Amino acid sequence: MLKKKILYTSVLLCAFSLTASASQVYLDEFQALGTNITSQVKADTEEKAQFCQKVIKDETLRLEQLLSAYIPSSDISKLGTSNGNWVEVSPDTVEILDLTKDICEITDGALDPTVGTLVKLWSVDHPNHRVPSPQEIEEALKKSRL
């Protein structure tokens, strides 16, 4: 399902770009995923560019609502606080987690989606950074693939 959405979005964006004769590049910026995101769309009208930018922004924000560890209602947050209990998540989340698992295996753990618990110990996203104790690190490692 997610692959189809990404494919359709890509085809749509390419179609607009390819039909642009006197094209101009239109920029849009928004905040998501804990960072600033800039999209660049080449189109022959501002209206087409704005449509493409809306598709990009809407899909990015939709995925953020599913995958953010900082949004308590996200699928990822629900999984993180489930203590091993079953949690209902969206089909897109399942597909993304399956792909992430494959990438983790292919890269021999270079991409490890389970390392969040360990990373959060350093409080890098809070003003009061700290070095965790060896015991905290040991407990977090038990919850990760590492």
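Scroll up a little and you will see the structure.
Cut-offs and rules
- Residues numbered from 1 in each chain as written.
- Predicted model: local features only at pLDDT ≥ 70, side-chain atom pairs only at ≥ 80, totals over all residues.
- Heavy atoms only, no water.
- Helix = DSSP H or I, 4+ residues; strand = E, 2+ residues; numbered from the N terminus.
- Expected span 1.5 Å × (residues − 1).
- Buried < 20%, exposed > 50% of the residue type's maximum accessible area, 1.4 Å probe, protein only.
- Core = buried A, V, L, I, M, F, W, Y, C linked by side-chain atoms within 4.5 Å.
- Phe/Tyr/Trp six-rings, centres within 6.5 Å; stacked < 30°, edge-to-face > 60°.
- Lys NZ or Arg CZ within 6 Å of the ring centre and 35° of its normal.
- Salt bridge = Lys/Arg side-chain N within 4 Å of Asp/Glu carboxyl O.

The first and last C-alpha atoms of helix α2 (residues 46-67) sit 31 Å apart over 22 residues, in line with the 32 Å expected at 1.5 Å per residue. Taken together, the buried positions of α2 are Ala-49, Cys-52, Gln-53, Glu-59, Thr-60, Leu-63, Glu-64 and Leu-66.

On to unusual backbone geometry, then. Phi angles above zero are rare outside glycine, and Asn-83 is one such case at about 55 degrees. Counting through the fold element by element, Asn-83 comes out in the loop between α3 (75-80) and α4 (91-106). The exposure class assigned to Asn-83 is exposed, which follows from its relative accessible area of 73%.

Residues Tyr-26, Val-41, Ala-43, Ala-49 and Cys-52 constitute the largest nonpolar core, which totals 5 residues. Among the secondary structure elements, those contributing two or more residues to this core are β2 (35-43) and α2.

So, about the packing of aromatic side chains. Tallying each qualifying case throughout the model produces 0 aromatic pairs. Taking the ring centre of Tyr-70 as reference, the NZ or CZ of Lys-120 above it sits at 5.3 Å.

Glancing now at the environment of Glu-46. Relative to the elements of secondary structure, Glu-46 occurs in helix α2. Looking at Glu-46, the relative accessible area reads 46%, which means it is partly exposed. For the pair Glu-46 and Gln-24, spaced 22 residues apart in the sequence, the C-alpha separation amounts to 8.5 Å.

On to the pattern of salt bridges, then. Applying the stated criterion across every chain, the model contains 6 salt bridges. As a salt-bridge pair, Lys-48 and Asp-44 come within 3.2 Å of each other at their nearest N and O atoms. By relative accessible area, which is 24% here, Lys-48 ends up partly exposed. Exposure remark for Asp-44: the relative accessible area of 27% places this residue in the partly exposed category. Ionic pairing is found between Asp-92 and Arg-62, a salt bridge with its closest N-O pair at 2.8 Å. Of this pair, Asp-92 sits in helix α4 while Arg-62 sits in helix α2, and the two are 30 residues apart along the sequence. Asp-92 gets classed as buried once you look at its relative accessible area, which sits at 3%. If you follow the salt bridges from partner to partner, you end up with Glu-59, Arg-62 and Asp-92 in one network.

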